[in-house]
Amino acid sequence: MRRSVEAILRNQADNGAIIASPDFAQYHFCWLRDGSFSAYALDVAGEHEASARYHAWVARAVDGIATTMSDAIAAHRAGEVLDPVRMPPARFAMDGSTVVDDWPNFQVDGYGTWLWSLRRHIDLGGSDALPEHLLESARRVARYLKEFALHPCYDVWEENGGARHTSTLACVYGGLIAGAQLLGDEECERVADEVRSAVLASAASAGYFTKFAGDRDVDASCLWLASPFGLVDSKNEYFAKTVRLIEDRLSYDGGLRRYPGDVYFGGGAWPVLTASLGWHYASVGNFERANRCRGWIEDRIDAEGRLAEQFGGESRDHQHFEEWVSRWGAPARDLTWSHATLVVLSYLLDRPDPVSIMNDRGVRAPNRGTEVEVEVESTGGSGAS
Ligand code: BGC
């Protein structure tokens, strides 16, 4: 755990920004998604000062895009067509400025994950109030989330720009609940309820939580619905079925892939997702399975203490692996949020009350009645959707 905390600290600039990966040029930026999970890991590990520097950096970066955010809201209200490239960014340059390129920026999940991480920072750091210098940016992000909560956008893998993605909605939900708590904003709570209802309605029609509304595919990031974002209880019937489907269709060489049709660098198994499965098992008290996830990840840390983005893509789908290598060079060998998710899993395994560090809200009453075990037929792990 300490070695991975050191890796996160090593990948943090003095100004607080956390680089996604130091060894892969495409990732020489700070993503709100990766950075906010990493800040959470820092808080879990007691590195509150480093986490505070990250949150202050985000607040400044968000301050710098105030006009982009208010313009996006105004355009939406005026019914204009939104240009994804001109939406508030998914990632910033390390100095907090925006990058003008054709990256699919419209990814609301990172803004939700930031507010959620900020809330956890305050809780885990022992203070209950939002520091003054973060207030305005937190309000701005809450406004943005309320406006675009249910709007189709790119997913957490920066793909499929036209759909409503389940894991994106989980991040948005977590952010809105945090916004309600941090800012005393009841509207955040109301929109969070709408998000939750939409996600549950879509699960009711499919029988499980699908990758996006109207789809049948699974996506391992849907694990975040319960831990850490608390949109459902881990024992919710649709969630239990989703976990089984995810394991059935996405297990690869002991780890977990992103989604069946993933070909990015051959679509190998990701520490981030294997750790997320471990979070789930720890939260339901299955420490044996959670430990297995931790072991798989730890075995993949190299002699220099680096932990890559994914493993096994080269042999799983050699052709696509090579295609990506010729486009972007060798894949990331040290990915900051791979370390972050491992740190959180290690902490969960070493603590008697794991759920409390994940999500202090718990699940609301209506869901508790539906904790039913469901049998899921094996699909034989197709590898393609
Ligand atoms: C992943 C994103 C991640 C980014 C930086 C992309 O390949 O799909 O989820 O935020 O890399 O790590």
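Right above here is the structure, for reference.
First, a word on what this report is: a plain description of the structure on this page.

Calculation notes
Residues numbered from 1 in each chain as written. Predicted model: local features only at pLDDT ≥ 70, side-chain atom pairs only at ≥ 80, totals over all residues. Heavy atoms only, no water. Near = heavy atom within 4 Å. Polar contact = N/O pair within 3.5 Å; in protein donor to acceptor, adjacent residues only side chain to side chain. Areas by Shrake-Rupley, 256 points an atom, 1.4 Å probe, with all protein chains shown as cover. Nonpolar A, V, L, I, M, F, W, Y, C, P; charged D, E, K, R; others polar. Salt bridge = Lys/Arg side-chain N within 4 Å of Asp/Glu carboxyl O. Buried < 20%, exposed > 50% of the residue type's maximum accessible area, 1.4 Å probe, protein only. Helix = DSSP H or I, 4+ residues; strand = E, 2+ residues; numbered from the N terminus. Expected span 1.5 Å × (residues − 1). Contact = heavy atoms within 4.5 Å. Core = buried A, V, L, I, M, F, W, Y, C linked by side-chain atoms within 4.5 Å. Phe/Tyr/Trp six-rings, centres within 6.5 Å; stacked < 30°, edge-to-face > 60°. Lys NZ or Arg CZ within 6 Å of the ring centre and 35° of its normal.

Overview of the site of the ligand
Okay, step 1: Y27, W31, R33, D34, V156, W157, E158, R258, Y264, E309, L335 and W337 make up every residue found near the ligand.
Okay, step 2: The contact in question runs from an oxygen atom of the ligand to an N or O atom on the side chain of D34, over 2.5 Å.
Okay, step 3: Isolated, the ligand exposes 310 Å² of accessible area, and the fraction of that covered by the protein chains is 97%.
Okay, step 4: Partitioning the shell around the ligand into residue classes produces seven nonpolar, no polar and five charged.

Looking at the pattern of salt bridges
Okay, step 1: Scanning all chains against the criterion turns up 25 salt bridges.
Okay, step 2: Linking D302 and R306 is a salt bridge whose minimum nitrogen-to-oxygen distance equals 2.7 Å.
Okay, step 3: Classification of D302 by relative accessible area gives partly exposed; the value is 25%.
Okay, step 4: The class of R306 is buried, set by a relative accessible area of 19%.
Okay, step 5: Among the charged side chains, a salt-bridge network with shared partners connects R2, E6 and E47.

Topic: helix 6 (residues 132-148)
Okay, step 1: Here helix 6 contains 17 residues, and its C-alpha end-to-end distance of 25 Å stays within 8% of the 24 Å for a straight helix at 1.5 Å per residue.
Okay, step 2: Turning to helix 6, its buried residues number three or more, namely L134, L135, S137, A138, R140, V141, A142, Y144, L145, E147 and F148.
Okay, step 3: Buried residues along helix 6 sit against helix 3 (48-64), helix 4 (66-77), helix 5 (109-124), helix 7 (166-183) and helix 8 (186-206).

Topic: the nonpolar core
Okay, step 1: Counting 121 residues, the largest nonpolar core has L115 and V195 as the members making the most contacts within it.
Okay, step 2: The element contributing the most residues to this core is helix 7, with ten residues.
Okay, step 3: Each residue touching L115, except ones within four places of it in the same chain, is listed here: A138, V141, A142, L145, G175, A178, G179 and L182.

Looking at the packing of aromatic side chains
Okay, step 1: Taken as a whole and judged by the stated rule, the model has 30 aromatic pairs.
Okay, step 2: One aromatic cluster in this structure is built from F24, Y27, F29, W31, W103, Y264, F265, F321, W324 and W328.
Okay, step 3: Its end group placed over the ring of F29, R91 keeps NZ or CZ at 4.2 Å from the ring centre.
Okay, step 4: Cation over ring: R91 sits above W103, and NZ or CZ is 4.1 Å from the ring centre.

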